[in-house]
Amino acid sequence: AGLMIKHAVLGIRLLANMVAGHLVLLSIMGMAMAAASAGGALAYGVTPVVIIGATCIAMLELFVAFLQAYVFTLLSALFIGAAMHHH
């Protein structure tokens, strides 16, 4: 049961990191939509900042996803290796 719990916790951690990255992107894009609905001049100033910020956050999210997948794989291999009995 301990092996299954460890893997479930790793999977939940991976899911939480991906959801957090998506929520940050949605909040940045939500601020852009709020600025666009507030007025025309403000939208032209905010739009380039939001595009650059969203692109940087998306690249960071991609890096974190690969890093989390690597950590998940490494820890899974360690947990499975520790659970096996060698004769």
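Structural data are supplied above this passage.
Reading the values: the criteria
- Residues numbered from 1 in each chain as written.
- Predicted model: local features only at pLDDT ≥ 70, side-chain atom pairs only at ≥ 80, totals over all residues.
- Heavy atoms only, no water.
- Helix = DSSP H or I, 4+ residues; strand = E, 2+ residues; numbered from the N terminus.
- Rg over C-alpha atoms; globule rule 2.2 N^0.38 Å.
- Contact = heavy atoms within 4.5 Å.
- Phe/Tyr/Trp six-rings, centres within 6.5 Å; stacked < 30°, edge-to-face > 60°.
- Lys NZ or Arg CZ within 6 Å of the ring centre and 35° of its normal.
- Core = buried A, V, L, I, M, F, W, Y, C linked by side-chain atoms within 4.5 Å.
- Buried < 20%, exposed > 50% of the residue type's maximum accessible area, 1.4 Å probe, protein only.
- Expected span 1.5 Å × (residues − 1).
- Bend = angle between axes of the 7 residues up to and from the residue.
- Patch = residues over 30% accessible without salt bridge, like charges linked within 9 Å, V, L, I, M, F, W, Y side chains within 5 Å.
- Areas by Shrake-Rupley, 256 points an atom, 1.4 Å probe, with all protein chains shown as cover.
- Salt bridge = Lys/Arg side-chain N within 4 Å of Asp/Glu carboxyl O.

K.L.:
What is the right way to read the overall build of the protein from this model?
P.N.:
Along its length, the protein carries 2 helices and 0 strands. By the compact-globule yardstick of 12 Å for 87 residues, the protein is too spread out, its C-alpha radius of gyration being 20 Å. In terms of its C-alpha atoms, the protein occupies a principal-axis envelope of roughly 75 × 20 × 5 Å. Considering only residue pairs separated by 6 or more positions, the protein has 84% of its internal contacts joining residues 24 or more positions apart.

K.L.:
Please explain the packing of aromatic side chains as it appears in this structure.
P.N.:
By convention here, two paired aromatic rings are described through the distance between centres and the angle between planes. One pass over the full model with this rule turns up 0 aromatic pairs. Note that Lys6 overlies the ring of Phe79, its terminal NZ or CZ placed 4.8 Å from the centroid.

K.L.:
Explain the nonpolar core here, please?
P.N.:
The nonpolar side chains of a soluble globular protein tend to be buried, and buried together. Residues Leu25, Ile28, Ala32, Val50 and Ala54 constitute the largest nonpolar core, which totals 5 residues. Of all the secondary-structure elements, those providing two or more residues to this core are α1 (2-38) and α2 (40-83). It is α1 that contributes the most residues to this core, 3 residues altogether. When sequence neighbours within four positions are dropped, the list of residues in contact with Ile28 reads Val50, Gly53, Ala54 and Ile57.

K.L.:
Help me understand the side chain of Ser76, please; the structure alone is not making it clear to me.
P.N.:
Position of Ser76 relative to the elements: it lies in helix α2. Ser76 gets classed as buried once you look at its relative accessible area, which sits at 10%. When near neighbours in sequence (up to four residues on either side) are disregarded, Ser76 contacts His7 and Leu10.

K.L.:
Please explain α2 as it appears in this structure.
P.N.:
Spacing of three or four residues puts side chains on the same side of an α-helix, whose turn is 3.6 residues. Relative to the 64 Å expected for 44 residues at 1.5 Å per residue, α2 spans 62 Å between its end C-alpha atoms, a close match to the ideal helical length. Helix geometry: α2 is bent most strongly at Val46, by close to 35 degrees, with proline Pro48 lying one to four residues after it. What α2 keeps buried is the set Ala43, Val50, Ala54, Glu61, Gln68 and Ser76. In this structure, the buried side of α2 is in contact with α1.

K.L.:
Explain a nonpolar patch on the surface to me, please; I cannot follow it from the model alone.
P.N.:
Among the surface-exposed residues, Leu60, Phe63, Leu67, Tyr70, Leu74 and Leu78 lie close enough to one another that they form a single nonpolar patch of about 620 Å² accessible area. Mapped onto the secondary structure, Leu74 falls in helix α2.

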